[in-house]
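Take a look at the letters that make up each chain.
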Amino acid sequence: MNNVLIIGDSTCDLPISYRKSLNVGFMPLPVNVGDEPRLDMYDVFPDEIFEYFTKTGKLCTTSAPNVNDYVEFWTALREEDPNCEILHFHISSEMTVTHAESEKATHQFENIYSIDTRSVSVGVAVILLEACRLRDEGKSAKEIYDEIERVKHLVKVGFVLDSVEYLYKGGRCTGLQALGANLLGLHPAINMVDGALVPGKKYRGALVNVYRDFIADSLSGKGDEITANRVFIANTSYNEETNSYVAQLIGDVCDSVDDIVFVQPGCSICVHCGPKTLGYAYLTKE
């Protein structure tokens, strides 16, 4: 049986320890720090882009690989293993052209599949874990592709932002919306619906209370729905104190969850939502 390679990029926020233990490939995406080109989670990291914004008032920018980038990346893999089958996972095509460019590149190969996860960040990580499980059961790339296409709608994803400043600077909300949110002290939630990020509930108050209410609203009573009792938590300002607090919150409202995977999203995600953003993702049972 041919070797099946599972590949994510730096918008697929699977912790590096999982990537290594599960043999998941990684394609870093371009990030520009001012005029300096970098590669996400390779030679630039979230804390650096937050610091750059604090100092300059300017956002770092991201760009998508093109067809030639994917051809070059996969050709190198095929040179090492000519018979390998490849599954390359991307965030929702509603949000970026990465899947479209990747899909075009697959036409130059056999047994390479580009997957539009219809998700983002830790939602993609959830799907990657499911793909790894199927691979380890001995499924072919085509069988994994078909099963992921069938179940990817079962992934639930949501985020709550500390501030809309990064959205405003990135042109994703108007100045009036940003001013209103700041004046009212609002922390907006964003949910993944049909492959797109849509506004959710708006929270007020201290961030510790925002996290508490967001976790309660998102996970309370959901224990029977969550596959493998596993929840991914994205924390753009990753720190043990916050992670411990969030783990306690989850235990309070959903004590059946016994596997909480914390991750700091890559720059390609953080540059759009800013520091102190908290998100969750899990796979629901059928």
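(A) Spatial organisation of the pattern of salt bridges. Under the criterion given, the structure shown has 17 salt bridges. Between glutamate 48 and arginine 38 there is a salt bridge; the shortest N-O distance is 3.5 Å. Of this pair, glutamate 48 sits in helix H2 (residues 46-56) while arginine 38 sits in strand E4 (residues 36-39); the two residues are 10 residues apart in sequence, bridging distant segments of the chain. Judged by its relative accessible area of 35%, glutamate 48 is partly exposed. Under the relative-accessibility criterion, arginine 38 is labelled buried at 18%. Salt bridges here are not isolated pairs; linked through shared partners, they connect Glu130, Arg133, Glu137 and Lys139.

(B) Structural context of the sheet that holds strand E10 (residues 196-204). Sheet architecture is open: six strands sit in the order E10-E9-E8-E13-E11-E12, paired in mixed fashion. A single partner strand is all that each edge strand has here, and the edge strands are E10 and strand E12 (259-263). Ignoring which end each strand starts from, the neighbouring axes of this sheet average 20° apart. Where strand E11 (residues 230-235) and E12 come together, five bridges link them in parallel fashion. The partner of isoleucine 233 across the bridge, within E12, is phenylalanine 262.

(C) Examining the sheet that holds strand E3 (residues 30-33) more closely. Strand order in this open sheet of three strands is E4-E3-E5, and the pairing throughout is antiparallel. Two strands bound the open sheet, and with one partner strand each, they are E4 and strand E5 (61-62). With four bridges connecting them, E3 and E4 associate as antiparallel partners. Residue pairing across strands places valine 33 opposite glutamate 36, the latter belonging to E4.

Reading the values: the criteria
Residues numbered from 1 in each chain as written. Predicted model: local features only at pLDDT ≥ 70, side-chain atom pairs only at ≥ 80, totals over all residues. Heavy atoms only, no water. Salt bridge = Lys/Arg side-chain N within 4 Å of Asp/Glu carboxyl O. Helix = DSSP H or I, 4+ residues; strand = E, 2+ residues; numbered from the N terminus. Buried < 20%, exposed > 50% of the residue type's maximum accessible area, 1.4 Å probe, protein only. Pairing = 2+ DSSP bridges. Axes fitted to C-alpha atoms, helices over the stretch in contact; angles between N-to-C directions.

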